[in-house]
Amino acid sequence: MDRPEALAFDMYGTLVDPIRIWQQLEIYLGDSALRAAEIWRAKQLEYTFRLTAMQHYEDFEWVTRRSLDYALASLGYDLADEQRRTLVGAYDDLEPFAGVHESLHQLRSKAPTMAVLSNGSPRMLQAVARSARLGDVFDILISVDEVRTYKPSPLVYQHAAHRLGRPIAEVRLISSNPFDVIGAAAAGMQVVWLDRSAGLFDPLGPRPDLMVTSLAELAERL
Ligand code: 2OP
C-alpha cells in the first residue's frame, strides 16, 4: 500500500457502551433495567434500518427516543416525559469501553487520519466525544446526518470516503457491529471487526480478514 489508510471508527458499541445505560434505567426499572437496555438498543438499530428501507430520515435522537418508548412499553412501564428526557440525555454521557483512550492514542501515532463515522446526530457525537474525552484524537466526526440516511446504506460509506478525501478502498472502518462491517465492506471499504460479542458474527456477509478483540490488539497489528 502506498500510504496508510484513514481510520474511521464506529461510535456506539465500538468506542462507547450503549448497554451500560442499564445503570441509569435501573433507577426507574429495577431488575428489568438490563433487559430494557437490550431492547432499547435492538429497536434503535431496527428503526434505523426501517427508516432507510422506507427512504425516510429522522435523526438519531428521534430514533433513540422512539426506541426507548418501545422498550418501556414492551416491559409495561410508563415513565414521565422528564424521566424519558433524562434517559435519552444519558446517551450524551455513555461510558467508553475499557482501554479505549490509551489505544486510540496509540493508533493516532500510526494513522494519518482518524475519524468517527456514526449514526449519531452531529450534536450527539460532539457531546459523547466530549464527555468520554475522545474529542482530541479525532480529526473529524462524520455523522450519517450529512447524507440523511443510516448505515449500512453504501451512501454513508461513500460519503465518509469523500469527506476524508480518499478513495473508499483507502479508508478502514473499525466497528464492533457486524452489520456495519458487512455494509462497509460491501461498499468497498477496508474493515476491522472489533469482536465484543464472543465471536458471534452475522452470516449475512463474509467474516473480515482482520478481526481483533480489543483496540489495543488493533494498535499492535496495524
Ligand atoms: C453507530 O453508528 C452503529 O450505532 C452505531 O455509531
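What counts and what doesn't
- Residues numbered from 1 in each chain as written.
- Predicted model: local features only at pLDDT ≥ 70, side-chain atom pairs only at ≥ 80, totals over all residues.
- Heavy atoms only, no water.
- Helix = DSSP H or I, 4+ residues; strand = E, 2+ residues; numbered from the N terminus.
- Rg over C-alpha atoms; globule rule 2.2 N^0.38 Å.
- Buried < 20%, exposed > 50% of the residue type's maximum accessible area, 1.4 Å probe, protein only.
- Near = heavy atom within 4 Å.
- Polar contact = N/O pair within 3.5 Å; in protein donor to acceptor, adjacent residues only side chain to side chain.
- Areas by Shrake-Rupley, 256 points an atom, 1.4 Å probe, with all protein chains shown as cover.
- Nonpolar A, V, L, I, M, F, W, Y, C, P; charged D, E, K, R; others polar.
- Axes fitted to C-alpha atoms, helices over the stretch in contact; angles between N-to-C directions.
- Parallel < 35°, antiparallel > 145°, perpendicular 65-115°, else oblique.
- Left-handed = near helix turned anticlockwise from the far one by under 90°.
- Contact = heavy atoms within 4.5 Å.

Which parts of the structure should I look at to understand the overall build of the chain?
Of the regular secondary structure elements, the chain holds nine helices and six strands. Over its C-alpha atoms the chain spans a radius of gyration of 17 Å, differing by no more than 12% from the 17 Å that the globule rule assigns to 222 residues. Each principal axis of the C-alpha distribution contributes one length, and for the chain these read about 55 × 35 × 30 Å. When burial is assessed residue by residue, the chain has 52% of its 222 residues classed as buried.

Can you walk me through the site of the ligand in this structure?
Looking at the ligand, the residues that line it are Asp10, Met11, Tyr12, Arg41, Ser118, Asn119, Lys151, Asn177 and Phe179. Within the backbone of Tyr12, a nitrogen or oxygen atom sits 3.0 Å from an oxygen atom of the ligand. In the model, an oxygen atom of the ligand is placed 3.3 Å from a nitrogen or oxygen of the Arg41 side chain. Compared with its free state, where it exposes 220 Å², the ligand has 100% of that area covered by protein. Partitioned by chemical class, the residues of the shell around the ligand number three nonpolar, three polar and three charged.

Would you explain the packing of helix 3 (residues 60-74) against helix 4 (residues 81-89) in this entry?
Helix-helix packing is described using two parameters, namely the angle between the two axes and the distance between the axes. Their axes nearest at 10 Å, the elements helix 3 and helix 4 cross at an angle of 120°. Regarding the angle of helix 3 to helix 4, the classification is oblique. Note that helix 3 runs across helix 4; the crossing there is right-handed. For the pair helix 3 and helix 4, contact is made by Thr64, Arg65, Leu68, Asp69 and Leu72 and by Asp81, Arg84, Leu87 and Val88, respectively. Classifying every residue of the contact of helix 3 with helix 4 by side-chain character gives four nonpolar, one polar and four charged.

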